[in-house]
Amino acid sequence: MTRLYLNPLPVRIWHWINATGFVALIVTGVQIRYVGLIGLMSFETAVDLHNWIGFVVIGNYFIWLLFYLSTDKVKAYHPDLNPRKYFRETFRQILYYGAGIFKGAPNPHHPNPYNKFNPLQRMMYQIVMLLIVPLQFVTGLLLWDVKRFAGAVELLGGVRVVDTVHVLIFIFFAFFIFVHVYLGTLGHTATAHFKAMFTGYEDMEEEPGS
Ligand code: HEM
């Protein structure tokens, strides 16, 4: 058994504040958008909570960003500059998730602190963290005070457009969390990845990759 330090403290702090915040934003978001579907709190309370948690989650994002901008661990997020190798490894990972895993085949990806994501995770986390999450923050901020940001809202096509983008991304995250948590259970035991996101260390059966 090999022990690897995969998740440094700032990543773990960011991740669990972010995860709790996103779940709370989704619940309060459902309460705001689909009035009558759930009756957990009043509309006003839901709006207040949604705004406050939104600011906490935006501030928290900078823990993740500044950590990765200030360390060589950012290599885990770098795209593979060899497209043939990248596509071959992506295909291998898809085959593993789609078939191999059900036959007990070993995971083709062997993580280490500089290469901790398999090619699917690397692509997905780049898109989520650098595109979708910031877009959700910007649209949320504009909707928080449409009068103050009237110029920017108009530039983007008006309140309806900004609101539609915000709601579509909210629906994306409601699904993302289920898929993400399912994939989180696919370590060498069902809880290995979750423990590693709390302790920083992941126990592996195989040797770390290069
Ligand atoms: C209930 C909610 C969540 C749970 C239980 C959870 C669980 C996990 C676990 C176990 C890992 C480590 C394994 C892996 O890398 O896949 C992880 C990593 C990660 N999660 Fe989550 N997650 C949750 C919500 C979220 C949300 C809402 C986001 C983004 C908006 C997110 C983004 C990420 C990212 C980017 C990583 C890689 C972090 C890094 O090492 O740099 N997670 N999550």
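Quick caveat: nothing in here was measured; it's all calculated off a predicted structure.

Engineer: Is there a simple way to think about the overall build of the protein in this case?
Structural biologist: Secondary structure summary: the protein contains 7 helices and 2 strands in total. Shown N-terminal to C-terminal, the secondary structure of the protein runs as helices and strands in the order β-α-α-α-α-α-α-α-β. Oriented by its inertia axes, the alpha-carbon framework of the protein measures out at about 55 × 35 × 30 Å. By residue count, 34% of the 210 residues in the protein fall in the buried class. A separation of at least 24 residues holds for 69% of the contacts in the protein among residues at least 6 apart in sequence.

Engineer: How should helix α6 (residues 159-184) be read in this particular structure?
Structural biologist: Between its first and last C-alpha, α6 extends 36 Å over 26 residues, near the 38 Å set by a 1.5 Å rise per residue. Buried-residue contacts for α6 involve α1 (9-33), α2 (43-69), α4 (119-144), α5 (150-155) and α7 (192-199).

Engineer: Please explain the coordination of the iron atom of the ligand as it appears in this structure.
Structural biologist: The textbook angles at a metal center are 109.5 degrees for a tetrahedron of four donors and 90 or 180 degrees for an octahedron of six. Every protein donor of the iron atom of the ligand is listed here as H15 (NE2) and H180 (NE2), and their distances to the metal cover 1.9 to 2.0 Å. Coordination at the iron atom of the ligand comes from 6 donor atoms whose angles at the metal span 85 to 179°, giving a geometry best classed as octahedral. You can see H15 sitting in helix α1 and its partner H180 sitting in helix α6, a full 165 residues away along the chain. With a relative accessible area of 26%, H180 lands in the partly exposed category.

Engineer: Please clarify how the environment of K116 should be interpreted in this entry.
Structural biologist: With respect to the helices, strands and loops of the structure, K116 is situated in the loop between α3 (83-98) and α4. On the basis of relative accessibility, which here comes to 9%, the residue K116 falls in the buried class. Taking the C-alpha atoms as reference points, K116 and V35, 81 residues apart in sequence, are found 41 Å from one another. Within polar-contact distance, the side chain of K116 engages the side chain of N7 at 3.1 Å.

Engineer: What is the right way to read the packing of α2 against α4 from this model?
Structural biologist: The relative placement of two packed helices comes down to the angle between their axes together with the axis-to-axis distance. Remark: α2 packs on α4, axes separated minimally by 11 Å, with the N-to-C direction vectors making an angle of 145°. Read as a crossing pair, α2 and α4 show a hand that is left-handed. Residues N51, F55, V57, I58, Y61 and W64 of α2 touch α4, and the partners they reach there are M129, L130, V133, P134, F137, L141 and W144. Classifying every residue of the contact of α2 with α4 gives 12 nonpolar, 1 polar and no charged.

Engineer: I tried to follow the pattern of salt bridges on my own but got confused; where do I start?
Structural biologist: Any two side chains of opposite charge can pair, given that their charged atoms come close. Within this structure, the stated rule accounts for 4 salt bridges. A salt bridge links R3 to D203; the nearest nitrogen and oxygen atoms lie 3.3 Å apart. Placement of the pair is R3 in strand β1 (residues 2-5) and D203 in strand β2 (residues 201-204), with a sequence separation of 200 residues. The exposed category is assigned to R3, whose relative accessible area is 55%. On the basis of relative accessible area, D203 is assigned to the partly exposed category, the value being 33%.

Engineer: Sorry if this is basic, but what is going on with the nonpolar core here?
Structural biologist: A general trend in soluble globular proteins is that nonpolar side chains are found buried together. Formed by 27 residues in total, the largest nonpolar core has its most connected members in W64, M129, V133 and F173. Those elements that place two or more of their residues in this core are α1, α2, α4 and α6.

Engineer: Just to check I follow, could you spell out the packing of α1 against α2 for this structure?
Structural biologist: Close contact between α1 and α2 brings their axes to 8 Å; oriented N to C, the two are set at 155°. Taken together, α1 and α2 sit at an angle that is classed as roughly antiparallel. Seen along the crossing, α1 lies across α2 with a hand that is left-handed. Looking at the contact of α1 with α2 residue by residue, the class counts come to 21 nonpolar, 8 polar and no charged.

Engineer: Any chance you could explain the site of the ligand here in plain terms?
Structural biologist: Around the ligand, 25 residues are found, and the nearest of them are H15, Y68, K116, Y125 and H180. Separating an oxygen atom of the ligand from a side-chain N or O atom of Y68 is a distance of 2.6 Å. In this structure, K116 approaches the ligand through a side-chain N or O atom, which is 2.6 Å from an oxygen atom. Going through the elements one at a time, α1, α2, α4, α6 and α7 are the ones with two or more residues in the shell around the ligand. Of the residues contributing to the shell around the ligand, the split by class is 18 nonpolar, 6 polar and 1 charged.

Cut-offs applied
Residues numbered from 1 in each chain as written. Predicted model: local features only at pLDDT ≥ 70, side-chain atom pairs only at ≥ 80, totals over all residues. Heavy atoms only, no water. Helix = DSSP H or I, 4+ residues; strand = E, 2+ residues; numbered from the N terminus. Buried < 20%, exposed > 50% of the residue type's maximum accessible area, 1.4 Å probe, protein only. Contact = heavy atoms within 4.5 Å. Expected span 1.5 Å × (residues − 1). Donors = N, O, S within 2.8 Å, 3.2 Å for Na, K, Ca; no water. Tetrahedral: all angles 85-135°; square planar, octahedral: opposite > 155°, others 65-115°. Polar contact = N/O pair within 3.5 Å; in protein donor to acceptor, adjacent residues only side chain to side chain. Axes fitted to C-alpha atoms, helices over the stretch in contact; angles between N-to-C directions. Left-handed = near helix turned anticlockwise from the far one by under 90°. Nonpolar A, V, L, I, M, F, W, Y, C, P; charged D, E, K, R; others polar. Salt bridge = Lys/Arg side-chain N within 4 Å of Asp/Glu carboxyl O. Core = buried A, V, L, I, M, F, W, Y, C linked by side-chain atoms within 4.5 Å. Parallel < 35°, antiparallel > 145°, perpendicular 65-115°, else oblique. Near = heavy atom within 4 Å.

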